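Descriptive structure summary
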Amino acid sequence: MNLIILGPPGAGKGTQAVRLAEGLGIQHLSSGDMLRAERASGTPLGAKVAEYMDSGALVPDEIMIEAILNRLEGGGDTGVLLDGFPRTVAQAESLDEALGKAGRPVDGVLELKVPRGAIVQRITGRRVCPKCNSVYHMEFRRPRQEGVCDNDGEALIHRPDDTEEVIVSRLKNYEKQTTPLTEYYAGKGILHAVDGDGSVDEVCARLERVTRQLSGGR
Ligand SMILES: [Zn+2]
């Protein structure tokens, strides 16, 4: 089964993607991890990726797609969960063409939906330990002693980007960029909106319900 996961910043997409892929026994391909793996592989494609990454340029879509196809071939027939690609309709079209040719089309696109207010609450309440990078939350994951890391006693900090202003601006950018993409997949009848508001377990269970329906419908 080949899936794509979409979700706004702060929706816990990365965590869900890892769990979902594990549960389904498919490869989780986050675009960043995939490029780093390709680079480390020492292949000609990896050398090209390294050039773009080192010059700070965006890796072109065709290279990204080639890297995805390589992973598909390397991972047996189980499938992939793409996370972080595609981001634009043009990328989605190129991906569809390439996967179609490979006989492995996208089966479903999972879109995590979380109300803006809930994301703002999640992120503004976040506190991190500058020493061990542990993440706490003032409401949902309080340290044993207020303002202090459980592991090492370091004073917790509120990251400068964890403000409502920064988050709302990131969410607006995400919506602007993602709406055409979700419309594209909705038009193909493969978009599945999933309520992403709730605990990690609750959201994971909802995602698994959708993927069960997808695999049952084949
Ligand atoms: Zn710490």
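Residues numbered from 1 in each chain as written. Predicted model: local features only at pLDDT ≥ 70, side-chain atom pairs only at ≥ 80, totals over all residues. Heavy atoms only, no water.

**Some words on the overall build of the chain**
Which entries qualify depends on this criterion: Helix and strand labels come from DSSP, where a helix needs a run of H or I of at least four residues and a strand needs a run of E of at least two; each type is numbered from the N terminus. Radius of gyration here is computed from C-alpha atoms only, and the compact-globule reference equals 2.2 Å multiplied by the residue count raised to the power 0.38. Relative accessibility thresholds used throughout: buried, under 20% of the residue-type maximum; exposed, over 50%; partly exposed, between the two (1.4 Å probe, protein chains only). Should any heavy atoms of two residues lie within 4.5 Å, those residues are counted as being in contact. Each accessible area is a Shrake-Rupley estimate made with a 1.4 Å probe; only the visible protein chains count as cover when residues are assessed. All tallies of charge rest on Lys and Arg as positive and Asp and Glu as negative; His and the ends of each chain are not included. Charge coordinates come from a single atom per side chain, which is NZ of Lys, CZ of Arg, CG of Asp or CD of Glu.
A tally of helices and strands in the chain yields 8 helices and 7 strands. Against the compact-globule benchmark of 17 Å for 218 residues, the chain has a radius of gyration of 19 Å, which places it among compact chains. Counting only C-alpha atoms, the chain reaches 55 × 40 × 30 Å along its principal axes. Counting only residues that meet the buried cut, the chain has 41% of its 218 residues in that class. For the chain, the share of sequence-separated contacts (at least 6 apart) that also reach a separation of at least 24 residues comes to 68%. When the accessible area of the chain is evaluated, it comes to approximately 11,700 Å², of which 49% is carbon and sulfur surface. The centroid of the 27 positive side-chain charges in the chain is displaced by 3 Å from the centroid of its 32 negative side-chain charges.

**Brief notes about the coordination of the zinc ion**
Keep this limit in mind: The rule for donors is simple: N, O or S, within 2.8 Å of the metal, or within 3.2 Å if the metal is Na, K or Ca. Water isn't counted, so a site may look like it is missing partners.
All of the protein donors around the zinc ion are C129 (SG), C132 (SG), C149 (SG), D152 (OD) and D152 (OD); their distances to the metal are 2.3 to 2.5 Å. Every donor residue of the zinc ion comes from the same chain, spaced as C-x2-C-x16-C-x2-D. One end of the pair, C129, is in the loop between β5 (126-128) and β6 (135-137); the other, D152, is in the loop between β6 and α7 (164-187), with 23 residues separating them in the sequence.

**Looking at the layout of surface pockets**
Where we set the bar: The distinction between a cavity and a pocket rests on a 1 Å grid over the protein atoms alone: a 1.4 Å probe fits inside a cavity but cannot get out, while a pocket stays open yet meets protein on both sides within 12 Å along at least five of seven lines, and a residue with an atom within 4 Å of a point counts as lining. Grid points are joined across faces, edges and corners, and a volume is the space filled by probe spheres set on the points. Note that Gly is not counted as nonpolar here; it falls among the polar residues with everything else outside the nonpolar set of Ala, Val, Leu, Ile, Met, Phe, Trp, Tyr, Cys and Pro and the charged set of Asp, Glu, Lys and Arg.
Taken as a whole, the largest pocket encloses approximately 470 Å³ of empty space. What lines the largest pocket is a set of 18 residues, among which G10, G12, R122, F140 and V200 lie closest to the centre. Secondary-structure elements contributing two or more residues to the lining of the largest pocket are α1 (13-24), α6 (116-124), β6 and α8 (200-216). In terms of residue class, the lining of the largest pocket is made up of 7 nonpolar, 8 polar and 3 charged.

**A short note on the sheet that holds strand β4 (residues 108-113)**
Our working rule: By this definition, two strands are paired if DSSP reports at least two bridges between them. Only C-alpha atoms enter the line fits that serve as axes; for helices the fit covers just the stretch in contact. Angles between N-to-C directions range over 0 to 180 degrees.
Strand order in this open sheet of 5 strands is β2-β3-β1-β4-β7, and the pairing throughout is parallel. In this open sheet, the two strands that pair with only one neighbour each are β2 (27-30) and β7 (191-195). Each strand of the sheet is rotated relative to its neighbour by a mean of 25 degrees, with strand direction disregarded. Bridge count between β2 and strand β3 (residues 80-83): 4 bridges; the pairing is parallel. Each residue of the ladder has a partner; that of L29, found in β3, is L82. On top of the sheet, α8 reaches β1 (3-6), β4 and β7; it is set at about 155 degrees to β7, its chief contact.

**Observations regarding helix α4 (residues 61-74)**
Operational definition: In this scheme, a helix's expected span is set at 1.5 Å multiplied by one less than its residue total.
Between its first and last C-alpha atoms α4 spans 20 Å; for 14 residues at 1.5 Å apiece the expected length is 20 Å, and the two agree. Listed in full, the buried residues belonging to α4 are I63, M64, I65, A67, I68 and L72. Packed against the buried residues of α4 are β2, α2 (31-40), α3 (44-55), β3 and α5 (89-101).

**A word on the nonpolar core**
Heads up, the condition is: Among buried residues, the Ala, Val, Leu, Ile, Met, Phe, Trp, Tyr and Cys ones that are joined through side-chain atoms within 4.5 Å form a nonpolar core.
Core analysis: the biggest nonpolar cluster contains 28 residues, and I4, I68, L82, L95, V109 and Y185 have the highest contact counts within it. Where this core is concerned, the elements lending two or more residues are β1, α2, α3, α4, β3, α5 and α7. With 6 residues, the single largest contributor to this core is α4. Every residue in contact with V109, bar those within four places of it in the chain, is listed here: I4, L6, Y185, I190, L191 and H192. Counting residues in hydrophobic clusters, the runner-up holds 15 residues, among them L3, L112, V194 and L214.

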